Amino acid sequence: MCLFVKAKRVRVMEISGSIWHEDLLDESRVKHFHFYTLSVSHKMNMETQEYLMTDFNSPVIPQRKLESWTRPIFGQTVVAVLVYLTAICNGLSSGYSAILLPQIRANGSDFEVNQEIESWIVSIYIGATSVGCLMSGVIMDLWGRRLTVQIAVFCITIGWISIAACGSYPLMLVGRALGGFGKGFSTPAVTFHVEEMADPRLRGALSACVLLTYSIGIMVISLLGTHISWRIVAGLAAVITFIDLVGYSLLRESPVWLVRNNRVDQASEVYNWLWGPGHQPQAERELQELLNRVKDEKSLLANDSLTISKWNLTQYLQPQVLKPFFIIHIFNLIQVVCGTNLFIFYAVDIISGLKTDGGLDINLTTNLTSIVRVVFMAASCITLVWVGRRTMSISSGVGSGVAAVILGTLVHFQNVPAWFMIVFILLYVAFNTYGFFVLPPSMIGEILPSKIRCVLGAYIFTMNDIAMFVATKVFPSVSRTIGAEGLFWSFGVFSLLCSLFLYLMLPETKGRSLVQIEKYFLQSNVLWITRNKKQKTTDTQIKL
């Protein structure tokens, strides 16, 4: 078959077992190509197909219509909408204390509390969130992503009802504990659910939007709380979470969990639903790819004389598990000391500690940072469709690191024009948000192998909560000791160190299927820059 291609370079891919070999041909040397494929019937339970590979910037003019390997949008939209509604419910629950405490302190409030009870209203939510996060890993493995989220949303709904109907603080504390437990219980589950059902090209953007919608939930509860009584707000939130509970019961289970629990027929139904009518070969290919990966894992465990069980602790010590675990775990922990969330919690205190010529409006600057954060979070969700994870994360660290170092230097010299200080504050927030804020949690489900994704993913989410609790607790004393300039210098140095770590270690996962990401970690290399480039796989396959 002959095909004319208008492109500077064309990748010709030849299938050999499970490895893609790549050759590059120049347009000046070749005007048309013949593409052949080798039989891979031992790998796929489908007819042998031919593939044409092109660069993203290389327009292709085919002689006949190409069969797309991009999933239709309908199924992914249904999944995303329900996942995002759950994230909004979590945001409503997280932001509630900010509108609750001022109202119950006000004169005429029908609910009397003291300072001790107020601290419990806030702290019990955080403690319950950590417990929920830790438990969710085991429950996701046993009962699946969908049922885990349903249990979490049910707890949040009961929590809202308890708060709306409470007449004393013990019942309110029960409501807050249920809300925190549900938030922690559902966060890993919704993240993994949307990632395991998303097209590889859209997975990063869809996962990042979980954080965006979570922030929208916080914003919504803040707006409601300025005009409506805290009881009515709790009642409205209960209605929203109940709608989410009903909707999530209609959602399909993750095909990854179904395959790993020997429910292949149900997994096939899910893939056929995601792909839609007329795309059965693509659905079968994706299912077969996942089945092959599970089979390879069992063979590997059998060769190593290991027990084939998801609860076998020895499998957690394998290199293909330890490498992605430490990469994403360290990424999540380092971003805590880069100031990502600390600047959110202590924005007013940090900005008020800056020394300028006296023209710095603290409230205006704080509001500007909030606006910039939301804008760049939304921009990040869109950018992830086209830009790789390595590019975004490394540039985010370098940009925020340089801005923070400059800020610390400006504070050190004092009497700097206020507008100049505001510019670098906004630059720091912008760079920090679009990479370091969005990518660490959203990449947990993407980079961890599916066989241990639930347990280790829940552990990482839990450790993030604990690390953030410790950081927020010691921040005031540290800030008083090193001052504003030392604070920003610390943010800058840790951001640059994190960028160096990511440059050396973090693999590029954009456009790769979850199975292909797992196969990368089977290579012997530890550093990304020393990987075997001849064995790299790609998912940009278009059938002829």
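Treat the numbers as computed from the prediction; the structure is a model and nothing was measured.

Inside soluble globular proteins, nonpolar side chains tend to come together where they are buried. Counting residues in hydrophobic clusters, the biggest one holds 76 residues, and the most contacted among them are Val-83, Ile-328, Leu-448 and Leu-502. Residue contributions to this core peak at eight residues, all from helix H19 (residues 453-505). The next biggest cluster of nonpolar side chains, apart from the first, holds 32 residues, and it includes Ile-351, Ala-403, Val-416 and Phe-424.

What the rule picks out here adds up to seven cavities of 30 Å³ or more. Its boundaries defined by the atoms lining it, the second largest cavity holds a volume of some 160 Å³. Tyr-271, Glu-286, Ser-513, Leu-514 and Val-515 are, among the 17 residues lining the second largest cavity, the residues nearest its centre. The class makeup of the residues in the lining of the second largest cavity is seven nonpolar, two polar and eight charged.

In this section: a nonpolar patch on the surface. Together, Val-122, Ile-126, Ile-466, Phe-469, Val-470, Val-474, Val-478 and Ile-482 make up a nonpolar patch on the protein surface, roughly 580 Å² of accessible area in all. Among the elements that make up the nonpolar patch, the one with the highest residue count is H19 (six residues). Looking at where Ile-466 falls in the secondary structure, it is placed in helix H19. Of the residues examined, Ile-466 reaches a relative accessible area of 38% and is grouped as partly exposed.

Here the focus is the packing of helix H6 (residues 203-225) against helix H14 (residues 362-383). At their nearest, the axes of H6 and H14 sit 8 Å apart, and the two run at 160° to each other. Here H6 is positioned roughly antiparallel relative to H14, judged by the angle of their axes. Both H6 and H14 take part in a crossing whose hand is left-handed. When H6 is examined against H14, the residues Ala-205, Ala-208, Cys-209, Leu-211, Leu-212 and Ser-215 are found in contact with a partner set consisting of Val-374, Met-377, Ala-378 and Cys-381.

What follows concerns helix H7 (residues 230-248). Note that an α-helix has 3.6 residues per turn; residues three or four places apart therefore point the same way. Spanning 19 residues, H7 covers 27 Å between terminal C-alpha atoms, matching the ideal 27 Å at 1.5 Å per step. Turning to H7, its buried residues are Trp-230, Val-233, Ala-234, Ala-237, Ala-238, Thr-241, Asp-244, Leu-245, Gly-247 and Tyr-248. Close packing links the buried residues of H7 with helix H1 (73-94), helix H2 (96-105), helix H4 (145-165), helix H5 (169-196) and H6.

Below, the discussion takes up the pattern of salt bridges. Tallied over the full model, the rule gives six salt bridges. Across the pair Arg-389 and Glu-446 runs a salt bridge whose closest N-O atoms are separated by 2.9 Å. On the criterion of sequence distance, the pair formed by Arg-389 in helix H15 (residues 389-413) and Glu-446 in helix H18 (residues 444-447) is long-range, its members being 57 residues apart. Residue classification places Arg-389 among the buried residues on the basis of a relative accessible area of 1%. Taking relative accessible area as the criterion, Glu-446 reaches 2% and is therefore assigned buried. Overlapping salt bridges bring together Arg-145, Glu-196, Arg-453 and Glu-518 as one network.

The next subject is the packing of aromatic side chains. A complete count under the given rule lists 16 aromatic pairs for this structure. Taking the centre distance of 4.9 Å and the plane angle of 90° together, the rings of Tyr-96 and Trp-160 count as edge-to-face. Of this pair, Tyr-96 sits in helix H2 while Trp-160 sits in helix H4, placing them 64 residues apart in sequence. Exposure class is identical for Tyr-96 and Trp-160. Each is buried. Arranged with centres 6.1 Å apart and planes meeting at 10°, the rings of Tyr-428 and Phe-491 form a pair that is stacked. Separated by 63 residues along the polypeptide, Tyr-428 in helix H16 (residues 418-437) and Phe-491 in helix H19 bring together distant segments of the chain. Grouping residues by exposure puts Tyr-428 and Phe-491 together as buried.

What counts as what
- Residues numbered from 1 in each chain as written.
- Predicted model: local features only at pLDDT ≥ 70, side-chain atom pairs only at ≥ 80, totals over all residues.
- Heavy atoms only, no water.
- Core = buried A, V, L, I, M, F, W, Y, C linked by side-chain atoms within 4.5 Å.
- Buried < 20%, exposed > 50% of the residue type's maximum accessible area, 1.4 Å probe, protein only.
- Helix = DSSP H or I, 4+ residues; strand = E, 2+ residues; numbered from the N terminus.
- 1 Å grid on protein atoms, 1.4 Å probe; cavity = no way out; pocket = protein on both sides within 12 Å on 5 of 7 lines; lining within 4 Å.
- Points joined across faces, edges and corners; volume = space filled by probe spheres on them.
- Nonpolar A, V, L, I, M, F, W, Y, C, P; charged D, E, K, R; others polar.
- Patch = residues over 30% accessible without salt bridge, like charges linked within 9 Å, V, L, I, M, F, W, Y side chains within 5 Å.
- Areas by Shrake-Rupley, 256 points an atom, 1.4 Å probe, with all protein chains shown as cover.
- Salt bridge = Lys/Arg side-chain N within 4 Å of Asp/Glu carboxyl O.
- Axes fitted to C-alpha atoms, helices over the stretch in contact; angles between N-to-C directions.
- Parallel < 35°, antiparallel > 145°, perpendicular 65-115°, else oblique.
- Left-handed = near helix turned anticlockwise from the far one by under 90°.
- Contact = heavy atoms within 4.5 Å.
- Expected span 1.5 Å × (residues − 1).
- Phe/Tyr/Trp six-rings, centres within 6.5 Å; stacked < 30°, edge-to-face > 60°.

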